[in-house]
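Letter by letter, the chains look like this.
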Amino acid sequence: AQSVTQPDIHITVSEGASLELRCNYSYGATPYLFWYVQSPGQGLQLLLKYFSGDTLVQGIKGFEAEFKRSQSSFNLRKPSVHWSDAAEYFCAVGARGGATNKLIFGTGTLLAVQP
Amino acid sequence: DTEVTQTPKHLVMGMTNKKSLKCEQHMGHRAMYWYKQKAKKPPELMFVYSYEKLSINESVPSRFSPECPNSSLLNLHLHALQPEDSALYLCASSQLDGSYGYTFGSGTRLTVV
């Protein structure tokens, strides 16, 4: 069964600083990988996704993520954080194919942005 | 139309009430999902429907009863809930194999009193 680990529960960065959120996955094949963002009391917004091909994926709001098969990682990055980026970030892995398709989330990383 | 619409946005119900949550999508997706999210926790999968048939039930108590009347609609019927069932309930849809991603609704905030 697939699983996702986000080792950082809470991260604080200064506005304008760079950001990297870590994500490690466990899955028997090449998975579908996703990053979602959730503001308080809101639903989930998709930032970016990886299915195949180029391992560096560009997303919305200036985010990017790199798939590293050898490390089973899919870390999210942003070169310069804005105060509006403060939110909860979830990495997720999707099992491929068939009727037993499911999306499993990591525990999330709460991002705080200091002025 | 690239949205998943959930109604109502907020719901307060007593432990003896019967209520339903509704979810609608018009993206042609043939897989639909219910997730439950407690405060400060990740979403947890409850049910998966594929081609309007229940394909996954993650050992959810029978007081939660899903229904998929057609390929665009997904309901979650609630009966005799407990206060610990209070949570954000999220609906999502996708292509059958998850390709192109999963689209989530904004959720229903449920409070059981």
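Since the model is a prediction, treat every value here as computed from it, not as a measurement.

## What to know about the interface of chain A and chain B
Item 1. Of the residues lining the interface, 24 residues belong to chain A; the matching set on chain B comes to 27 residues.
Item 2. The tally of links between chain A and chain B comes to 1 salt bridge.
Item 3. Two residues, K102 of chain A and E58 of chain B, come together in a salt bridge whose shortest N-O distance is 3.4 Å.
Item 4. One can count 4 residue pairs in polar contact (both at pLDDT 80 or more) joining chain A with chain B.

## Some thoughts on the pattern of salt bridges
Item 1. Summed over all chains, the structure comprises 8 salt bridges over all chains.
Item 2. Between K36 of chain B and D85 of chain B there is a salt bridge whose closest N-O contact spans 3.8 Å. Of this pair, K36 of chain B sits in strand β4 (residues 31–37) while D85 of chain B sits in the loop between β8 (73–79) and β9 (87–94), and the two are 49 residues apart along the sequence. Like D85 of chain B, K36 of chain B is buried.
Item 3. Here the salt bridges share partners, and the residues they tie into one network are E64, E66 and R77 of chain A.

## A word on the layout of surface pockets
Empty space left among the atoms is revealed by rolling a probe the size of a water molecule over them.
Item 1. Approximately 460 Å³ is the volume found for the largest pocket.
Item 2. If you trace the largest pocket, you find 21 residues lining it, with Q38 and E88 of chain A together with A39, K40 and K41 of chain B closest to the centre.
Item 3. When residues in the lining of the largest pocket are grouped by element, the largest group, 3 residues, is from strand β10 (residues 87–94) of chain A.
Item 4. Here the residues of the lining of the largest pocket are counted per class, giving 8 nonpolar, 8 polar and 5 charged.
Item 5. Quantified by volume, the second largest pocket comes out at close to 280 Å³.
Item 6. What lines the second largest pocket is a set of 17 residues, and nearest its centre among them are L44 of chain A together with V4, F104, G105 and S106 of chain B.
Item 7. Elements with a contribution of two residues or more to the lining of the second largest pocket: β6 (45–50) of chain A together with β1 (4–7) and β10 (102–104) of chain B.
Item 8. Counted by class, the lining of the second largest pocket contains 7 nonpolar, 8 polar and 2 charged residues.

## Side note on the pairing of strand β5 (residues 32–38) of chain A
Residue and element names in this part refer to chain A.
Item 1. Of all 7 residues in β5, 7 are buried, a share of seventy percent or more.
Item 2. Because side chains alternate across β5, one face comprises the buried residues Y32, F34, Y36 and Q38, and the other comprises L33, W35 and V37, equally buried.
Item 3. Pairing geometry for β5 and β10, over 7 bridges, is antiparallel. Note that in β10 the partner of V37 across the bridge is Y89.
Item 4. Sheet topology note: the β5/β6 ladder contains 5 bridges and is antiparallel. Note on β6: the bridge partner recorded for Y36 is L46.
Item 5. Count of turn residues in the β5/β6 antiparallel hairpin: 6 residues, of which G41 carries a positive phi of about 75 degrees.

Quick notes on the rules
Counting starts from 1 at the beginning of each chain's written sequence and moves along it residue by residue. Here chains are named by letter from A upward and ligands by number from 1 upward, in the order in which they appear as written. A pLDDT threshold of at least 70 governs which residues receive local features in this predicted model, and a stricter bar of 80 or more applies before side-chain atom pairs are shown or counted, although totals over entire chains, interfaces and linings include all residues. Hydrogens are left out, water is left out, and the side-chain values use all remaining heavy atoms of the structure. Residue contacts are counted whenever heavy atoms from the two residues lie within 4.5 Å of one another. For salt bridges, the criterion is a side-chain nitrogen of Lys or Arg within 4 Å of an Asp or Glu carboxyl oxygen. Residues adjacent in sequence count toward polar contacts only when both atoms are side-chain atoms; beyond that, a polar contact is any pair of N or O atoms within 3.5 Å, and within protein one must be able to donate a hydrogen and the other to accept it. Here a helix means four or more residues in a row that DSSP labels H or I, a strand means two or more in a row labelled E, and each is numbered from the N terminus. With a 1.4 Å probe rolled over the protein chains alone, any residue whose accessible area is under 20% of its type maximum counts as buried; one over 50% counts as exposed, and the rest are partly exposed. A cavity, in this analysis, means grid points on a 1 Å lattice covering only the protein atoms where a 1.4 Å probe fits yet has no way out; a pocket is instead an open set bounded by protein on both sides within 12 Å along at least five of seven lines, and a residue lines either one if it has an atom within 4 Å of a point. Grid points are joined across faces, edges and corners, and a volume is the space filled by probe spheres set on the points. Gly is put with the polar residues, along with every residue not named as nonpolar or charged; the nonpolar set is Ala, Val, Leu, Ile, Met, Phe, Trp, Tyr, Cys and Pro, and the charged set is Asp, Glu, Lys and Arg. Here, strands pair whenever DSSP counts at least two bridges between them.

Limitation: the analysis is restricted to geometry and does not speak to function.
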